[in-house]
Structures are given as C-alpha cells and as structure tokens.
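Chains, contacts and geometry: an overview
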Amino acid sequence: MASVLLLPLFRGVRMRDPREVLASVFGYHAFRGDQAAIIDHVAHGGDALVVMPTGGGKSLCYQIPALMRSGIAVVVSPLIALMQDQVAALKQLGVRAAVLNSTLSLDEAAATEGAMRRGELDLVYVAPERLVLPRFLSILERSELALFAIDEAHCVSQWGHDFRPEYLQLAVLAERFPAVPRVALTATADEPTRNDIIARLSLGKARQFISGFDRPNIRYNVTAKSNPRAQLARFLAAHRDEPGIIYCLSRKRVDDTAAALHGEGLNVLPYHAGLSASERNANQERFLRDDSMVMVATVAFGMGIDKPDVRFVFHADPPKSIEAYYQETGRAGRDGAPAEAHMLYGLQDMALLRQLLARGDGDEAHRRVERHKLTALWGYCESMRCRRQVLLEYFGDTREVTCGNCDSCLTPVTGWDGTVAAQKALSAIYRTGQRYGVGYLVDVLRGEGNERITRAGHDTLAVFGVGRDIEASTWQSVFRQLVAGGLVEVDVEGHGSLTLTPEARPVLRGEKSITFRPDLRPSAKAVRGPRAVEEDLSDPGDVALFHTLRGKRLELAKAQNVPPYVIFHDRTLREMARKKPKSLDELARVSGVGASKLERYGADFVALVAAHAHVGA
Ligand code: ADP
Ligand code: ZN
C-alpha cells in the first residue's frame, strides 16, 4: 500500500535532466533560444505553442521532453518523407522511434502498434489521418502517453499556404486526452494563422513561445543580372560539391539550366510540375540522399524539404514576394552552418512578374496587394542598407545593428546622386512618346545614331546624346531602378516600352532628388571575402580533412541506406576537422557527437583524423 502511495513521488525522480539528455543523446552542449524554457514547460506537463524559424531547433522541443517523461510521445507530421528521415535520425541516436503511415505493410504496422502498447517505444511519428482513426485512438487510450507533438501546426489553418483538412480533426486530442500535454510547432508566425492554431487545436491555455525571424547563418546576396549564365557559373564554381537549390521562374528555364549544367559535368537534377510524379519523387529522393547534388527547380520544389545541409539557394530568377524569398532562401542552412542565398534580378523579370500579375486571376483588391508585394521586393533588391535589416523590418522586426553577413555589409556601396540622370532618362521616355524599350532609350541618351532612331527623327531631340558621359550599363541600371522605384512602368502588353507614372513628375520638375545604387561589377564580387562555407576552416589542410570525413560519412550512409546528414551534420564534421580529436574522449566533446554515435562511428573518425595528421606531418 505504502509503495503505491509513494509512486507519484518516484515519478519525479525518474525524470532525466534535460541538459544531460541534450549532451548524452544529441551530443550538444547548450540549448538555443527558447529551447530550455519550452522543454522545461512541456516536460512538466504544460501545453505550448512554439513558433520558431526553420532551423531554429523545434524538434528538440518535443524530443527531449519525450525522453524525460515516461510513456510514449506521439508526433503528428504531415509529410511522410520527413517522418522517415526524422525517425532514421533518432535511431542513429539510439532513441526508440518508429513511423506509422500508409507506406507500411499491415504486419509492420501491427508490430509497431504492439511495441507501443508494451511501452517499448519513446516516440512514434503518425500521419494525422491515421491518428484520428477510432481504432488507433483506442490503442492510445491503452498506452502510457508522454505527450502529443503537432508538427507543422499551421496546416490546421485555412489562412496558411498549406492547409490540410485532416489537421482539423486533431481537435479530438484535447477532448480525449485532457491530461496529456500537447505542443504545437510551426515556422509560420503570422497572427491569423497563430490564432487559428490556438482555436482549432484548443490551445487557449497553452504557453506561447515566439522567436524572431532571423536566420543568422544565411548570407544574403542580391545582384543585378548582367550575364546570368556567367553569374551562375561563377557562383557554382565557388560552391563545388555542395548541395544546393537553383530556383528558376518557369519549367522551360529549369530544363534549359539543368541541361546546360549537366553538360558541364555538374551533379544536377531538374524538378518541376511538368515532370511525372515518379520522376519528381525519384529526383527528390536522390537530392536527399546525396551530399553534393544541386536541384534546379521551380518553386514547386521545396515544400517540406527538411534536408538540413542545403548549402545554398540561388535564385536565377527573382521570387514573387519577400515572403516567398524568405521561405525559399530559408531552405538553406537548416543545420545552422554557414549557407548562402544569392538572387539575380533584372528589368525583364520585373516586367514579366508584373505581366503575370496583370493576367492572373483574383479581384482588383487582391491584385493591388500583390503589386504592393512586388514593389516591396524591388525595394529590397535595390536597397543599399543591410539586407537582413530590410528583410526583418518587412516582418515587423526592427534591428539597430547591421548584420555583417550580407553583400551590403560585406561590400558596402555608396549611392550616387542620380537626380540629373533620372531627369534625362525620364525626358527620353517622354520625348520619344513613351513607346520604346530600354535598349532604344539608352541609344538615344548616348547619341548612338542608328537607322531606327534617324527614321523616327529622334536624333534631332534635345535629349539625343545628353547622356554620353554615362556608360550604357549604368543607364540600364538607372532605368531598372526607376522601374523598381515606381517612377516608370514597363508596358505589360509585352513590347517592353516604358511609360511614366505620376511619381515621375516631382523628379522631372526638380522637386525631388534621387540616389541610385551602383551595380557591382562581377570582378569586384569575385574578389570579395572568403566563401561563407569555408570561413571557419581557414587552413587548407583542415578543408582537406573535412572532405575526407565527408567521404567516410557518405560511405557509412550508403551502407545503411540513410541520408548522410543523419550520421553527422556538416557542422560536426567541420568541428572535427578543426579540433582533430585524438581519442574518443576528445571526439565526444565535438558538438553533435552523442553516446550512440560515438560508439558506432567514433573509432572510424578518430582513425581518419590520425591518418590525416600522419600524412600532413
Ligand atoms: P526546425 O525543425 O526548427 O527547422 P530542427 O529541429 O530540424 O529545426 O533543428 C535544426 C538543426 O539544428 C538540427 O540539425 C538540430 O540537430 C540542430 N540543433 C537543434 N538544437 C540544437 C542545439 N541546442 N545545439 C546544436 N544544434 C542544435
Ligand atoms: Zn547585413
């Protein structure tokens, strides 16, 4: 009798210390951001809503409480591929985890359900439609439950970009299991979505943990298009053998770019909605499993891609809005290691996007919002300020300090007073009847006589030749910035002719001055700073060792048919290359090396480090 009464006290004793779990299981030595507070809250039975940017470390917020509390944790996740990789990663850590989804055979599913009932699992990942089946709910009622984690919780909201009707049924969890803590997690933080999550999942009493939007390890670069092929080639040359994503606006651009890069011997695959479902799946799978594959894709690719070691996202064509840009670039560097986001944009793109918008469906109010979003994006592109400051301000997060990790910070540019140039450019548009494109107007300004100009009599205009002192490429930049600033519009009917907007008037009248951002020359870009990715590996010997360690990782991953990053993250390998651990004890101090991985792979990696030291000496 007495022992029964004492049980609740002993349950407290059973609870492991979160730091100890972090170190021994995951091999990490400090919590990030709100992790410690969230884990403490949930481990003690509280409900929580966690909003954290991609790569912020949401998984640990339920995985550690799952290991601290007795019973099984049930994780709801909408994406099958993602569940499988998470479970593969947990198994590598020696955690007892399993998946229940439609890809399993009846026997496999029955085996997992049996293990659940017998209390042999720490975590089970379940698709939402299976979770709410009466049969499964009754299994849950007979199991000891540690907690429910609802991942990608924005899927419950119709506001979001990713609504899943099955998620609505998750409301049943609050009714059927009122004593089991529930934690909902998402990277989508806007308020309507957040309120929807709270209402639909009955999380009114949950504590909210909302982190900022910043992704400090992503380096932002934005460059005007001059020779896009060459610009892409130069970028890729600096990112050899790194996994990345190249986004293009259309299927055709994807196919052309992928074919060209493939022809140059690069490890690339295409992805767009025009490919068959099986081709798309195969390409996505190869991208996840390979550690140096580049995906050339339309924005159809990326949803739910949880590959943590994507080292770059290159926008060969600009995105449609700052929100889209943030989301697409956010697929880089989820592992927290340095990653690069590079965007090319040009006047043609602006015209094209405007045109798509004008043709698109939706009412005028909707179109006005979309136009506003495009304008904000151009403002970001042409800004001379710290990119991160501009980006975060757009989301309402104002920062005093510049980031030191974007092109504006690393290669500061000084604006030039373009008031007179702008007046000349605007006059050229006006005097030629608002019927010509940039190429023609630049010729008029530079006084380049050609037949078309003579025939139209434009060589007799006062503006003819008034811009000889400025290079053609600079004029191109001027026109682009006038469009971006909303003083000039590109005719959406497609001939590319420029017309003036009312915003041009004060500049033409000399009532308003204008500053332009100088376009950086490619050569200036090429010499700029070290590659983000190699910054913490300054010694060439360390870089070589890093590549050796990566080779070993790939070999181990292939043998087990798992993605390389579930063995070790790039960041862990880079730290090994820097610290060169001589023993298992020293290796255990490297971030990302927990007890299970130390036992499985420790000897191999210490031996490689030793062999490298020997060769190097
Ligand atoms: P999210 O789901 O928020 O996008 P993840 O949970 O996948 O992010 O975590 C992103 C990466 O950061 C993972 O590789 C994870 O192992 C790592 N990570 C999370 N928390 C920590 C920590 N405290 N210390 C070191 N690495 C961490
Ligand atoms: Zn900056």
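Below or above, wherever it landed, is the structure these notes cover. Computed from a predicted model, the values in this text were never measured in an experiment. (Residues numbered from 1 in each chain as written. Chains lettered and ligands numbered in written order. Predicted model: local features only at pLDDT ≥ 70, side-chain atom pairs only at ≥ 80, totals over all residues. Heavy atoms only, no water.)

1. Re the coordination of the zinc ion (ligand 2)
All of the protein donors around the zinc ion (ligand 2) are Cys 386 (SG), Cys 403 (SG), Cys 406 (SG) and Cys 409 (SG); their distances to the metal are 2.3 to 2.4 Å. Geometry at the zinc ion (ligand 2) is tetrahedral, judged from the 4 donor atoms that bind it and their angles of 102 to 119° at the metal. The sequence motif formed by the donor residues of the zinc ion (ligand 2) is C-x16-C-x2-C-x2-C. Note that Cys 386 is positioned in the loop between helix H17 (364-382) and helix H18 (387-394) and Cys 406 in the loop between H18 and helix H19 (407-410), a separation of 20 residues in sequence. For the residue pair Cys 386 and Cys 406, the accessibility class agrees, reading buried in each case. (Donors = N, O, S within 2.8 Å, 3.2 Å for Na, K, Ca; no water. Tetrahedral: all angles 85-135°; square planar, octahedral: opposite > 155°, others 65-115°. Helix = DSSP H or I, 4+ residues; strand = E, 2+ residues; numbered from the N terminus. Buried < 20%, exposed > 50% of the residue type's maximum accessible area, 1.4 Å probe, protein only.)

2. Some words on the pattern of salt bridges
For the structure on display, the rule yields 36 salt bridges. Residues Glu 141 and Arg 176 are paired through a salt bridge, measuring 2.8 Å at the closest nitrogen-oxygen approach. Residue Glu 141 is located in helix H8 (residues 134-141), and its partner Arg 176 is located in helix H10 (residues 172-176); the two are separated by 35 residues in the primary sequence. With a closest N to O distance of 3.0 Å, Asp 519 and Arg 480 form a salt bridge. Note that Asp 519 is positioned in the loop between strand S17 (515-516) and helix H25 (522-527) and Arg 480 in helix H23 (residues 472-484), a separation of 39 residues in sequence. (Salt bridge = Lys/Arg side-chain N within 4 Å of Asp/Glu carboxyl O.)

3. Looking at unusual backbone geometry
Phi at Asp 241 is positive, roughly 65°, even though this residue is not glycine. Structurally, Asp 241 can be placed in the loop between helix H12 (228-237) and strand S9 (244-247). One non-glycine residue, Asn 561, adopts positive backbone phi at about 55°. Within the fold, Asn 561 resides in the loop between helix H26 (540-560) and helix H27 (570-579).

4. Quick word on the site of ligand 1
Surveying the vicinity of ligand 1 reveals 16 residues, the closest of which are Tyr 28, Gly 55, Ser 59, Arg 334 and His 569. Within the backbone of Ala 30, an N or O atom sits 2.8 Å from a nitrogen atom of ligand 1. Burial of ligand 1 by the protein amounts to 88% of the accessible area it has alone, namely 560 Å². With 3 residues, the single largest contributor to the shell around ligand 1 is helix H4 (residues 58-68). Residue composition of the shell around ligand 1, by class: 5 nonpolar, 7 polar and 4 charged. (Near = heavy atom within 4 Å. Polar contact = N/O pair within 3.5 Å; in protein donor to acceptor, adjacent residues only side chain to side chain. Areas by Shrake-Rupley, 256 points an atom, 1.4 Å probe, with all protein chains shown as cover. Nonpolar A, V, L, I, M, F, W, Y, C, P; charged D, E, K, R; others polar.)

5. So, helix H2 (residues 18-26)
Because each turn of an α-helix spans 3.6 residues, side chains separated by three or four positions in sequence point in the same direction. Along H2, the residues that are buried comprise Val 21, Leu 22, Val 25 and Phe 26. Across the axial projection of H2, the buried residues extend over an arc of 100°, all falling on one side. Where H2 is buried, its residues contact H4. With its phi angle positive at about 75°, Gly 27 sits one or two positions after the end of H2. (Arc of directions from axis to C-beta. Contact = heavy atoms within 4.5 Å.)

6. Digging into the sheet that holds strand S3 (residues 97-100)
The sheet built from 7 strands is open, its strands ordered S3-S4-S2-S5-S6-S1-S7 with parallel pairing. Each edge of the open sheet is held by one strand with a lone partner, namely S3 and strand S7 (207-210). Sheet twist, expressed as the mean angle between neighbouring strand axes with direction ignored, is 20°. Relative to strand S4 (residues 123-126), S3 runs parallel, the two being bridged by 4 bridges. Counted as the bridge partner of Ala 98 is Val 124 from S4. Packed onto the sheet, helix H5 (residues 80-92) meets S3 and S4 and runs at close to 165° relative to S3. (Pairing = 2+ DSSP bridges. Axes fitted to C-alpha atoms, helices over the stretch in contact; angles between N-to-C directions.)

7. Thoughts on the packing of H2 against H4
As a packed pair, H2 and H4 sit with axes 10 Å apart at the nearest point and diverge in direction by 105°. For the element pair H2 / H4, the angle class is roughly perpendicular. Listed contacts from H4 to Pro 18, Val 21, Leu 22, Val 25 and Phe 26 of H2 are Leu 60, Gln 63, Ile 64, Leu 67 and Met 68. Across the contact of H2 with H4, the residue classes tally to 9 nonpolar, 1 polar and no charged. (Parallel < 35°, antiparallel > 145°, perpendicular 65-115°, else oblique.)

8. Side note on the pairing of S9
Of the two faces of S9, the one lined by Gly 244 and Ile 246 and the one lined by Ile 245 and Tyr 247 are each fully buried. Sheet analysis places S9 next to strand S11 (residues 294-297), joined by 4 bridges and oriented parallel. Looking at the pairing, Tyr 247 lines up with Ala 297 of S11. Here S9 pairs with strand S12 (residues 312-315) via 4 bridges, running parallel. When the sheet's bridge partners are listed, Tyr 247 is paired in S12 with His 315.

9. Looking at the side chain of Arg 331
Turning to its location among the elements, Arg 331 is positioned in the loop between helix H15 (322-329) and strand S13 (339-345). Although Arg 331 lies buried, it forms no salt bridge, and the closest oppositely charged side chain, Glu 328, sits 5.3 Å away as judged by the N-O distance. (Lys, Arg positive; Asp, Glu negative; His and termini not counted.)

10. Looking at the pairing of S11
Residues Val 294 and Val 296 line one face of S11 and the alternating positions Met 295 and Ala 297 line the opposite face, and both faces are buried. Where strand S10 (residues 268-271) and S11 come together, 4 bridges link them in parallel fashion. Within S11, the residue paired with Pro 270 across the bridge is Val 296.

11. Digging into the nonpolar core
In this structure, Tyr 380, Phe 479 and Leu 482 are the most contacted members of the largest nonpolar core, which totals 56 residues. In terms of domain composition, this core takes at least three residues from each of domain 2 (218-410) and domain 3 (416-519). Among all residues touching Phe 479, those that are not within four sequence positions of it are Leu 347, Ala 425, Ile 429, Val 438, Leu 441, Val 442, Leu 445 and Leu 498. Grouped together as the second largest cluster of nonpolar side chains are 39 residues, Met 295, Phe 301, Leu 549 and Ala 557 included. (Core = buried A, V, L, I, M, F, W, Y, C linked by side-chain atoms within 4.5 Å. Domains from an automatic or database assignment.)

12. Re the packing of aromatic side chains
Applying the stated rule across the entire model yields 15 aromatic pairs. With a centroid separation of 4.7 Å and 20° between ring planes, the pair formed by Phe 213 and Phe 395 is classed as stacked. Highlighted residues: Phe 213 in the loop between S7 and strand S8 (218-224) and Phe 395 in the loop between H18 and H19, separated in sequence by 182 residues. With 6.1 Å between their ring centres and 40° between their planes, Tyr 220 and Tyr 325 make a pair best called tilted. With Tyr 220 in strand S8 and Tyr 325 in helix H15, this residue pair connects regions lying 105 residues apart in the sequence. Under the relative-accessibility criterion, Tyr 325 is labelled buried at 1%. Aromatic ring contacts, followed pair by pair, group Phe 213, Tyr 326, Tyr 394 and Phe 395 into a single cluster. Lying across the ring of Tyr 380, Arg 387 places its NZ or CZ 5.7 Å from the centre. Its guanidinium or amino end placed over the ring of Phe 546, Arg 574 lies 5.8 Å from that ring's centre, counting from NZ or CZ. (Phe/Tyr/Trp six-rings, centres within 6.5 Å; stacked < 30°, edge-to-face > 60°. Lys NZ or Arg CZ within 6 Å of the ring centre and 35° of its normal.)

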